Amino acid sequence: MTFPRPAAVIVLAAGEGTRMRSATPKVLHRLGGRTLLGHALGAARGLEPGRVVVVVRHGREQVVAHAKDVDPEVVFADQDDVPGTGRAVQVAMTALDAAAQAAAADGGADSSGAVTEGAVVVMAGDVPLLDAATLGELLAAHAADANAVTVLTTEVEDATGYGRILREEGTGDVLGIVEHKDASDEQRAIREINSSTYVFDAAVLRSALGRLNRDNAQGEVYLTDVLAIARADGGHVRALRTDDPVLVEGVNDRVQLATLGAELNRRVLEDWMREGVTVVDPATTWVDVDVELERDVTLLPGTQLHGATVVREGATVGPDTTLTDVEVGPGATVVRTHGSLAVIGPRASVGPFAYLRPGTELGAKGKIGTFVETKNAQIGEGSKVPHLSYIGDATVGEHTNIGAASVTVNYDGVRKHRTTIGSHARTGADNMFVAPVTVGDGAYTGAGTVVRRDVPAGALGVSAGAQRNIEGWVLRARAGTPAADAAAA
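### A look at the overall build of the protein
Next up, step 1: For the protein, the count of helices and strands is ten helices and 39 strands.
Next up, step 2: Its C-alpha radius of gyration of 32 Å places the protein more than 25% over the 23 Å reference for a compact globule of 489 residues.
Next up, step 3: Structurally, the protein occupies a C-alpha span of about 105 × 55 × 45 Å along its principal axes.
Next up, step 4: Within the protein, the proportion of its 489 residues that are buried is 47%.
Next up, step 5: Here the contacts in the protein between residues at least 6 apart in sequence split such that 41% fall between residues at least 24 apart.
Next up, step 6: Total accessible area computed for the protein in this model is approximately 22,600 Å², and 50% of it derives from carbon and sulfur atoms.

Encoded structure:
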């Protein structure tokens, strides 16, 4: 679907969010791998607007810092002590004008110094399922009908707390929006509600904003009053109604955060299943919105994929696995594993009960096995770390086997040091590699070896002396114990 690019998108993110009962600003709470504000900015940028402005107040420093991380080009507007969404849009328009003037002064294409033409989208910063496609439909309807204002609406069973849409009989045009506290009993019976998502003609918006007042039950500057003003001025005010109320549902407390998070996850999983991914148990599988999955991937119960995780074709993840920013190669298997910022090569296997810390890179057909922890380790093609080991700050070549219960001793109490083990090496069980140290290609080490010096290619490294047996020691030193009785028998 094509739609006109808006001149600007205004995201309202100044609210305190007291019902969240949190030191974290409401718009910075997360679901689906993004903050509420992150979802809003993603939808806004999907429209390719001239500018995006975020209105801030409560938790300003945190909100601004996060928004800059998500979208470095965003413009900020500070809402003052005057309450209401109308006031928020007033300060946003002022900020947009200032940005336009600055661009003009720097020789930019915008020489007007103000946003006076085109469409301005206004949306809330706490509506995480609202997407660019729905906003695009709203923009397209606005342009097709040459409206002064177009509002996105929906119908709900219980409209308590929402602004009601007042329509003209016959035409269905919007007469205005009445807030719940200002509504009559008859108006409160209306089920069509305002989603707080609008497209305004910029000139209409600017003109109407200058005529708003606080003459209402809450003493706020209502943005909704712009609709009635625009209609009184002869403009067309119409609504686009979505049949999916969840798309426009906001988050006001932790219950709604969890409910919408579950619904978002359900939709994400459904989309991936339709693209050829097998999700064995959707009820216990969580996939963030920025995760990428390829066809014939299988996700087993208890799997959580977060951040920028990518799972390539034919790989199997789970059960009981949590991966964050991990790349899983085609045909790989990852079982009961916790991993972050790691790369798993094609047809490699990981787990069960493995811990992949940042910087882990496992080559094709490699293995990281049971109760193995890795960190900042590059493990080559076909190499294996099968059991009970810690491999940190290490490079392991190709087709090497690391014996059970091995540790790269990488930390001297001040600095980290690196262990290098070559290709086609075989290291014994219970080895300690005291870094910095190198084991050459094709080298072997004996069981129980503490490797303090480099082992040349093709050499056998051992550190234990010859075994010595002390006959009768148990009978003399442990007389009367079950071990002594067993030895005597």
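### Notes on the packing of helix H6 (residues 202-209) against helix H7 (residues 225-232)
Next up, step 1: At a minimum axis distance of 9 Å, the contact between H6 and H7 shows a crossing angle of 110°. Our classification of the angle between H6 and H7 gives roughly perpendicular. For the pair H6 and H7, contact is made by Val-204, Leu-205, Ala-208 and Leu-209 and by Val-226, Ile-229 and Ala-230, respectively.
Next up, step 2: Here the contact of H6 with H7 is composed, by residue class, of seven nonpolar, no polar and no charged.

### Brief notes about the pattern of salt bridges
Next up, step 1: Inspection of the entire model under this criterion finds 26 salt bridges.
Next up, step 2: Residue Arg-231 is joined to Glu-168 by a salt bridge in which the shortest nitrogen-to-oxygen separation is 2.8 Å. Here Arg-231 is found in helix H7, whereas its partner Glu-168 is found in the loop between strand S8 (164-167) and strand S9 (174-178), with 63 residues between them in sequence.
Next up, step 3: Owing to a relative accessible area of 27%, Glu-168 belongs among the partly exposed residues under this scheme.
Next up, step 4: Measuring nitrogen to oxygen at the nearest pair gives 2.5 Å for the salt bridge that ties Arg-211 to Asp-233.

### Description of the side chain of His-66
Next up, step 1: Among the secondary structure elements, His-66 is positioned in helix H2 (residues 60-70).
Next up, step 2: Since its relative accessible area comes to 16%, His-66 is described here as buried.
Next up, step 3: Ignoring any residue separated from it by four or fewer positions in sequence, one finds His-66 in contact with Leu-28, Arg-30, Thr-35, Leu-37 and Gly-38.

### Section: a nonpolar patch on the surface
Next up, step 1: Among the surface-exposed residues, Phe-353, Phe-371 and Leu-388 lie close enough to one another that they form a single nonpolar patch of about 320 Å² accessible area.
Next up, step 2: With a relative accessible area of 52%, Leu-388 lands in the exposed category.

### Focus on the pairing of S8
A regular strand places its side chains so that they alternate between the two faces of the sheet.
Next up, step 1: With four bridges joining them, S8 and S9 adopt antiparallel strand pairing. The residue bridging Arg-164 from the neighbouring strand is Val-178, located in S9.
Next up, step 2: In this structure, the hairpin formed by S8 and S9 is closed by a connection of six residues, where Gly-170 is found at a positive phi of approximately 95°.

### Observations concerning the packing of helix H3 (residues 85-105) against H6
Next up, step 1: Two elements in contact, H3 and H6, have axes separated by 10 Å at closest approach and are oriented at 120°. Taken as axis vectors, H3 and H6 run oblique relative to one another. Considering the relative orientation of H3 and H6, their crossing is left-handed. For the pair formed by H3 and H6, the contact residues are Gly-86, Val-89, Gln-90, Met-93 and Asp-97 on the first element and Leu-205, Arg-206 and Leu-209 on the second.

Conventions used here
- Residues numbered from 1 in each chain as written.
- Predicted model: local features only at pLDDT ≥ 70, side-chain atom pairs only at ≥ 80, totals over all residues.
- Heavy atoms only, no water.
- Helix = DSSP H or I, 4+ residues; strand = E, 2+ residues; numbered from the N terminus.
- Rg over C-alpha atoms; globule rule 2.2 N^0.38 Å.
- Buried < 20%, exposed > 50% of the residue type's maximum accessible area, 1.4 Å probe, protein only.
- Contact = heavy atoms within 4.5 Å.
- Areas by Shrake-Rupley, 256 points an atom, 1.4 Å probe, with all protein chains shown as cover.
- Axes fitted to C-alpha atoms, helices over the stretch in contact; angles between N-to-C directions.
- Parallel < 35°, antiparallel > 145°, perpendicular 65-115°, else oblique.
- Nonpolar A, V, L, I, M, F, W, Y, C, P; charged D, E, K, R; others polar.
- Salt bridge = Lys/Arg side-chain N within 4 Å of Asp/Glu carboxyl O.
- Patch = residues over 30% accessible without salt bridge, like charges linked within 9 Å, V, L, I, M, F, W, Y side chains within 5 Å.
- Pairing = 2+ DSSP bridges.
- Left-handed = near helix turned anticlockwise from the far one by under 90°.

It is worth stressing that arrangement in space is one thing and function is another; only the former is reported here.
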